[in-house]
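# Structural features, examined
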Amino acid sequence: MDCLRLIRIAGLGVSGSYLMNRLSQEGIECEGYDPKPPGFVVPCGYALNSRLFFRFCEMASLDSEKYIQVIADDVVFRNSAGKAVHFSPAGLATIDKNSFLADLVSGLKVKHTLLTGKDGDLIIDATGISRSVLGPVVDDFTMRTLEYVSDPTEESTFTFSFFPSGSGYHWIFPLSSYSHVGAGSDDLDTVRESLEGTPHSRILSRNIRLKPLFDDISSGRAIGVGEAIGTVSPITGEGIVPSLECAEILFQILKEKDEPEAIVREYREQLKSSYSRYIRLFDLLMNVRTGKLLSLKNIGALSPAREDLRYFGIEASLTKIIAALL
Ligand SMILES: Cc1cc2nc3c(=O)[nH]c(=O)nc-3n(C[C@H](O)[C@H](O)[C@H](O)COP(=O)(O)OP(=O)(O)OC[C@H]3O[C@@H](n4cnc5c(N)ncnc54)[C@H](O)[C@@H]3O)c2cc1C
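Here goes a summary of the coordinates provided. (Residues numbered from 1 in each chain as written. Predicted model: local features only at pLDDT ≥ 70, side-chain atom pairs only at ≥ 80, totals over all residues.)

### Notes on the overall build of the protein
To be explicit about the condition: Note on conventions: DSSP H or I runs of at least 4 residues are helices, E runs of at least 2 residues are strands, and numbering of each starts at the N terminus. Just to be clear, the radius of gyration here is over C-alpha atoms, and the globule rule we use is 2.2 Å times residues to the power 0.38. Counting other C-beta atoms within 10 Å of each residue's C-beta, where C-beta atoms are placed from the backbone, gives the exposure class: buried for 20 or more, exposed for 12 or fewer, partly exposed between. In this description, a residue-residue contact is defined by the distance between C-beta atoms placed from the backbone, which must lie within 7 Å.
Scanning the protein for helices and strands turns up 10 helices and 17 strands. Taking 20 Å as the expected radius of gyration for a compact globule of 326 residues, we find that the protein reaches 19 Å, a close match to that expectation. The buried share of the protein, taken over its 326 residues, is 44%. Taking the intrachain contacts of the protein between residues at least 6 apart in sequence as the baseline, contacts between residues at least 24 apart amount to 72%.

### Things to note about unusual backbone geometry
The backbone phi angle of Ser61 is positive, close to 60°, even though this residue is not glycine. Among the secondary structure elements, Ser61 is positioned in the loop between helix H2 (50-59) and strand E4 (68-71). The backbone of Ser165 shows a phi angle near 55°, a positive value even though the residue is not glycine. Counting through the fold element by element, Ser165 comes out in the loop between strand E11 (157-162) and strand E12 (168-174).

### Describing the environment of Val14
Along the chain, Val14 turns up in helix H1 (residues 14-25). Along the backbone, Val14 and Lys97 are 83 residues apart, and their C-alpha atoms lie at a distance of 8.5 Å. Leave out the neighbours within four places in its chain, and Val14 touches Leu101, Gly226, Ile240, Ser243 and Leu244.

### Comments concerning the packing of H1 against helix H5 (residues 240-256)
Our working rule: To define axes, lines are fitted to C-alpha atoms, for helices over the stretch in contact only, and angles between the resulting N-to-C directions are given on a 0 to 180 degree scale. Two helices that cross are described as forming a left-handed crossing if the nearer one is turned anticlockwise from the farther one by less than a right angle, and a right-handed crossing if clockwise. Residues were grouped as follows: Ala, Val, Leu, Ile, Met, Phe, Trp, Tyr, Cys and Pro as nonpolar; Asp, Glu, Lys and Arg as charged; and all remaining residues, including Gly, as polar.
For the pair H1 and H5, interaxial distance at closest approach is 8 Å and the crossing angle is 35°. Here H1 and H5 pass one another in a crossing that is right-handed. Note on element contacts: H5 touches H1 through Ile240, Ser243, Leu244, Cys246, Ala247, Leu250, Phe251 and Leu254, opposite Val14, Ser15, Tyr18, Leu19, Arg22 and Leu23. Residue composition of the contact of H1 with H5, by class: 11 nonpolar, two polar and one charged.

### Concerning the pairing of E12
Convention followed: Strands are labelled as partners when DSSP assigns at least two bridges between them.
Counted residue by residue, E12 has seven buried out of seven residues, so it is predominantly covered. With burial as the criterion, each face of E12 is covered, one bearing Gly168, His170, Ile172 and Pro174 and the other bearing Tyr169, Trp171 and Phe173. As paired elements, E11 and E12 share four bridges and run antiparallel to each other. Within E12, the residue paired with Thr159 across the bridge is Ile172. Between E11 and E12, which follow one another and run antiparallel, lie five residues, and Ser165 among them has a positive phi close to 55°. Bridge count for E12 against strand E13 (residues 179-185) is seven bridges, and the pairing is antiparallel. Within E13, the residue paired with Tyr169 across the bridge is Gly184. Here E12 folds back onto E13, and the loop between the two strands holds four residues.

### Some words on H5
Here is the rule we go by: One less than the residue count of a helix, multiplied by 1.5 Å, gives the span that helix is expected to have.
Under the 1.5 Å per step criterion, the end-to-end length of H5 is 25 Å for 17 residues, consistent within 8% with the ideal 24 Å. Counting buried positions along H5 yields 12 of 17 residues, so the element is predominantly enclosed. Among all positions in H5, only Ile240, Val241, Pro242, Ser243, Leu244, Glu245, Cys246, Ala247, Glu248, Leu250, Phe251 and Leu254 are buried.

### With respect to H2
Test applied: Each C-beta atom gives one direction from the helix axis, and the arc is the one those directions make.
Restricting attention to buried positions, one finds in H2 the residues Ser50, Phe53, Phe56 and Cys57. The buried residues of H2 occupy one face: seen down the axis, they fall within an arc of 110°. Packed against the buried residues of H2 are H1, strand E3 (47-49), E4, strand E7 (92-95) and H5.

### With respect to the site of the ligand
The test is simple: By definition, a residue lies near a molecule or strand when the C-beta atom built from its backbone is within 6 Å of it.
In the vicinity of the ligand there are 40 residues, among which Gly13, Gly45, Gly128, Gly226 and Gly239 approach most closely. Sorting the residues of the shell around the ligand by element identifies H1, E3, strand E10 (142-150), strand E14 (202-209) and H5 as the ones contributing at least two each. Among the elements that make up the shell around the ligand, the one with the highest residue count is H1 (three residues). Here the residues of the shell around the ligand sort into 19 nonpolar, 15 polar and six charged.

### Let's talk about the sheet that holds E4
One open sheet holds the three strands; their spatial order is E3-E7-E4, and the pairing between them is antiparallel. Single-partner strands in this sheet number two, and they are E3 and E4. Taking each pair of neighbouring strands and ignoring which way they run, the sheet shows an average axis angle of 40°. As judged from the two bridges shared by E4 and E7, these two strands associate in the antiparallel manner. The residue of E7 that forms the bridge with Ile71 is Ala93. Packed on one face of the sheet, H2 meets E3, E4 and E7 and runs near 80° to E3.

In short, the description is geometric, and any link to function would need to be established separately.
So, in structure tokens, the structure goes:
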């Protein structure tokens, strides 16, 4: 690591904050930039697989128990015809994401401003949907979302209600003293309609990237991490643990290599292998959206779909997935 003296990280969501924590623990100098003022909340349902989350907390020297809010005891998927299918929870939970983010970078060099200029040995684009450093990609794929901070629910049930033809879904995720009720789709009217009548104290909104962008991970001395390069499940929109994993992959490479081209080459290879299911699931999503349901390719994508749900903390048989998603 002799050549990389300073790493500047733009964006302190999960991917940027976790990477900053890991690099700092290793004694690698880094500076983090994020213009959001303390207390500002970036919309997110805060649901993840607590069993995988524990591992990342441990590596970041944090106590995961502090952040866990509600552990699912039932998971309901409702298809577009309204039919409910019950899945077994396998670690699905909500966390206090804001405390987790604050603790990851506590005591580190954080500036509440935009990163300007491109000096520094390496710049990390962890700016999520905006890809502020790397810039836009022509054939990107994003959906609109709205999320309400709503009343608490009595039960520990996590609910996903899918819209027709792969056009998004509505969710209810319970937290300790409130719940997140939201919806994502490419059609904002569908999102609004599905949330009509939901009591709320706050509404948050942003787009979500559902396409893996593993061929667009770098530009000059800048490298992307997390949602900026599409580490988000195309079928569930899960992005917290995938972005932590992506940051861990990059961290391990930065520990070993200091030449930007070699870093990018190795990183791209590892991303394509670790997230190969996202490439298949994105194709599945596109096929469902264009009505091409019964192709061999789609049937072949059901196993990655099951793997992806298990990663999110949901155990599902193939027959239940077909009933719920198609
Ligand atoms: C409504 C909604 C609900 C979701 N629910 C879930 C869920 O329940 N579970 C789950 O796993 N995933 C969920 N996701 C996805 C998940 O939130 C993201 O994929 C994940 O947080 C991505 O992390 P990130 O660090 O890459 O990006 P982000 O968390 O988006 O962080 C990017 C950061 O960059 C900052 N930034 C932007 N521009 C600049 C700039 N120019 N300079 C410096 N900083 C900048 C922003 O302020 C932000 O803090 C949801 C997404 C949405 C939109």
